[in-house]
Amino acid sequence: MIKVDKFSGQTYFETDHHKIGSHGNTFSKMEDSWVSNKGEVIQKQGKAWLNTKTGVSSDWGDPFQEDEDE
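The structure presented is a predicted model; accordingly, all values stated were derived computationally and were not measured.

### Some words on the nonpolar core
- With 6 residues, the main nonpolar core is built from Tyr12, Phe27, Trp34, Ile42, Trp49 and Phe64.
- In this view, Phe64 contacts Tyr12, Lys19, His23, Asn25, Phe27, Trp34 and Ile42; residues no more than four positions away in its chain are not counted.

### Some details on the layout of surface pockets
- By volume, the largest pocket amounts to about 330 Å³.
- Asp5, Lys19, Trp49, Ser58 and Phe64 are the residues nearest the centre of the largest pocket, which is lined by 18 residues in total.
- Among the secondary structure elements, those contributing two or more residues to the lining of the largest pocket are β1 (2-4), β2 (11-14) and β7 (48-51).

Definitions and cut-offs
All residue numbers refer to position in the chain's written sequence, counted from 1. In keeping with the predicted nature of the model, local features appear solely for residues at pLDDT of at least 70, side-chain atom pairs appear and are counted solely at 80 or more, and the whole-chain, interface and lining totals rest on all residues. The side-chain values count all of the structure's non-hydrogen atoms but skip hydrogen atoms and water molecules. Take the buried residues of types Ala, Val, Leu, Ile, Met, Phe, Trp, Tyr and Cys, join any two whose side-chain atoms come within 4.5 Å, and each joined set is a nonpolar core. To sort residues, take the accessible area from a 1.4 Å probe on protein chains only and compare it with the maximum for the residue type: under 20% means buried, over 50% means exposed, and anything in between is partly exposed. In this analysis, two residues are considered to be in contact whenever any of their non-hydrogen atoms come within 4.5 Å of each other. A cavity here means a set of 1 Å grid points, computed over protein atoms only, where a 1.4 Å probe fits but cannot escape. A pocket is an open set with protein on both sides within 12 Å along at least 5 of 7 lines, and lining residues have an atom within 4 Å of a point. Grid points are joined across faces, edges and corners, and a volume is the space filled by probe spheres set on the points. Helix and strand definitions follow DSSP, with helices as H or I runs of at least four residues and strands as E runs of at least two, each counted in order from the N terminus.

Now the structure itself:
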């Protein structure tokens, strides 16, 4: 399934166990979290997703967006 994030405009191809962003990051599903090929962890918190590295929540941003500091 292809999804477009409403905050970043990034396009993601998503299956049950993988998510690939148009920016090149690949995420693997691990229980209630997604782990990127760069070590970022996106955790489920209530109904939202939180990027534990950047602090971005899906309530107001794109937690899967590539970190601009890299």
